[in-house]
Amino acid sequence: MSSRRSRSRQQTGSSRNITDEQIADLVSKLQQLIPEIRNRPSDTQVSASKVLQETCNYIRSLHREVDDLSDRLSDLLATTDTDSAQAAIIRSLLSQ
Amino acid sequence: MASSISETNFEESKRIKRRKTGDELRDPDTIDHTRWRSESEQRIYSTKLVEAIRQVRRNSSPENKVSSGRDIRDAADGVLAVAAKGRTRWSRAILASRLRLRLAHNNMKHKKARVAKVTGSIRSKMPEKKRSIPALQRKAKVLSRLVPGCRKVSFPNLLEETTDYISALEMQVRAMAALTELLTGSPVDRLTSTSDS
């Protein structure tokens, strides 16, 4: 870890010291976003490694969802006209 | 040897960092991640997405009649990046890669197929440590590959970008699911469920 930090300091050229506290703060913020970890009943602190792992899994699952939705949308839009789709959206916006 | 290579990296990155507003850890308050949860943001995204899809279909109709899922995905990512208003690295990376693709496409169209691709070859020349990398670092590397444009950022900035990217992705999924629901008239079952919708 120290080698990576020295390399990054070399690259950025600015002498900023990133405290462990800052990193822990960011990790906890990230922790709140991941539903896997957020919905756990236990309140104990999760290890940073676990947080990173769950984050990667979560992003991958989100990507999969977007791909899946894009495929469905492309199929749907092939059959219906986008004008009617836009009309449906506007209608829903107006009705709110 | 390795020092000279790292020096050019250092000089280059120093120049680039001076051009940009700096790669220091930004004040978290300046980047508001909660706006991805607002209804208005999602609605704006939905309308822009539909407009982008229409454009994709208009551009692609001479070649292929139906736009593939990939086209929709690219359009959705592009609109998402625009919605970020350039404040985050991942959004700028998405826009930059799309611009590069479009330029390359135009170059090929005009038969000037001299696309200069600058890959990260300097990294491969640097001696990679073959011994075991700590698990945390390995995971951070994997994460940096998942978030666009974040392969070389520092760890704190990577976490910062990740939080924003996740919130944006969640909004993207919500908006596209809502759009699909509108078109099919039946609810979409989600893989994950966010607590607030």
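Residues numbered from 1 in each chain as written. Chains lettered and ligands numbered in written order. Predicted model: local features only at pLDDT ≥ 70, side-chain atom pairs only at ≥ 80, totals over all residues. Heavy atoms only, no water.

Note the following rule: UniProt positions are given in the numbering used here, feature names are shortened, and annotations may be inferred rather than shown by experiment.
Looking at an unreviewed UniProt entry, one finds chain B named IBH1-like N-terminal domain-containing protein and attributed to Carya illinoinensis. On record in UniProt, under Subcellular location (unreviewed entry), the comment for chain B is "Nucleus".

By the naming in an unreviewed UniProt entry, chain A goes by BHLH domain-containing protein and is assigned to Carya illinoinensis.

Some thoughts on the environment of serine 47 of chain A
Residue and element names in this part refer to chain A. Here is the rule: In DSSP terms, a helix is any run of H or I states spanning at least four residues, a strand is any run of E spanning at least two, and both are numbered starting from the N terminus. Exposure classes here rest on a 1.4 Å probe applied to the protein chains alone. A residue is buried below 20% of its type maximum, exposed above 50%, and partly exposed in between.
Of note, serine 47 is situated in the loop between α3 (35-38) and α4 (48-79). Its relative accessible area of 41% is what places serine 47 among the partly exposed residues. In the structure, serine 47 is positioned 16 residues away from glutamine 31 in sequence and 9.9 Å away in space, judged by C-alpha atoms.

Remarks on the environment of valine 46 of chain A
All names here are of chain A. Under the convention used in this document: It only takes one pair of heavy atoms within 4.5 Å for two residues to be counted as in contact.
Relative to the elements of secondary structure, valine 46 occurs in the loop between α3 and α4. Relative accessible area serves as the criterion here: at 14%, valine 46 is assigned to the buried category. When sequence neighbours within four positions are dropped, the list of residues in contact with valine 46 reads Gln31, Ile37 and Val51.

Quick word on a negative patch on the surface
What counts, and what does not: Candidate patch residues must exceed 30% relative accessible area and have no salt bridge, after which like charges are joined if within 9 Å and Val, Leu, Ile, Met, Phe, Trp or Tyr side chains if within 5 Å. The protein chains shown are the only cover counted for residues, whose accessible areas, like all others here, come from Shrake-Rupley with a 1.4 Å probe. Here, a salt bridge means any Lys or Arg side-chain nitrogen found within 4 Å of an Asp or Glu carboxyl oxygen. In this tally Asp and Glu are treated as negative and Lys and Arg as positive; neither His nor the chain ends contributes. Every charge is mapped onto a representative atom, which is NZ of Lys, CZ of Arg, CG of Asp or CD of Glu.
A cluster of like negative charges, contributed by Asp68, Asp71 and Asp75 of chain A together with Asp189 of chain B, occupies part of the molecular surface. Among the secondary structure elements, aspartate 189 of chain B is positioned in the segment after α7 (155-184).

As for the pattern of salt bridges
Evaluation of the coordinates by the stated rule reveals 5 salt bridges over all chains. Note that arginine 70 of chain B is salt-bridged to aspartate 74 of chain B, the shortest N-O span being 3.0 Å. Here the residue arginine 70 of chain B and the residue aspartate 74 of chain B both occupy positions in helix α3 (residues 69-83), the gap between them amounting to 4 residues, near one helical turn. Taking relative accessible area as the criterion, aspartate 74 of chain B reaches 30% and is therefore assigned partly exposed. One network of salt bridges, with partners in common, ties together Asp67 of chain A together with Arg73 and Asp77 of chain B.

Thoughts on the packing of α3 of chain B against helix α4 (residues 89-109) of chain B
Residues and elements named next belong to chain B. Rules: Geometry is summarised by axes, namely lines fitted to C-alpha atoms with helices restricted to the contacting stretch, and by angles between N-to-C directions that run from 0 to 180 degrees. Throughout, the term roughly parallel applies to angles under 35 degrees, roughly antiparallel to angles over 145, roughly perpendicular to angles from 65 to 115, and oblique to all others. Two helices that cross are described as forming a left-handed crossing if the nearer one is turned anticlockwise from the farther one by less than a right angle, and a right-handed crossing if clockwise. Gly falls in the polar group here, along with every residue not listed as nonpolar (Ala, Val, Leu, Ile, Met, Phe, Trp, Tyr, Cys, Pro) or charged (Asp, Glu, Lys, Arg).
Taken N-terminus to C-terminus, the directions of α3 and α4 make an angle of 130 degrees; their axes are 8 Å apart at the nearest point. Put simply, α3 runs oblique to α4. Along this stretch, α3 crosses α4, giving a crossing that reads as left-handed. Two secondary-structure elements touch here, α3 through Asp74, Ala75, Asp77, Gly78, Leu80, Ala81 and Val82 and α4 through Trp90, Ser91, Ile94, Leu95 and Arg98. In terms of residue class, the contact of α3 with α4 is built from 7 nonpolar, 2 polar and 3 charged.

Structural notes on α4 of chain B
Residues and elements named next belong to chain B. Spelled out, the test is: In this scheme, a helix's expected span is set at 1.5 Å multiplied by one less than its residue total. Arc definition: directions from the helix axis to the C-beta atoms.
When the terminal C-alpha atoms of α4 are compared, their 30 Å separation across 21 residues agrees well with the 30 Å that a helix rising 1.5 Å per residue should span. Of the positions making up α4, those classed as buried are Trp90, Ser91, Ile94 and Ala104. Each buried residue of α4 lies within a common arc of 160 degrees when the element is viewed along its axis, so the set occupies one face. Facing away from the buried surface of α4 by more than 90 degrees, the exposed residues are Arg100 and Leu103. The inward-facing, buried residues of α4 contact α3 and α7.

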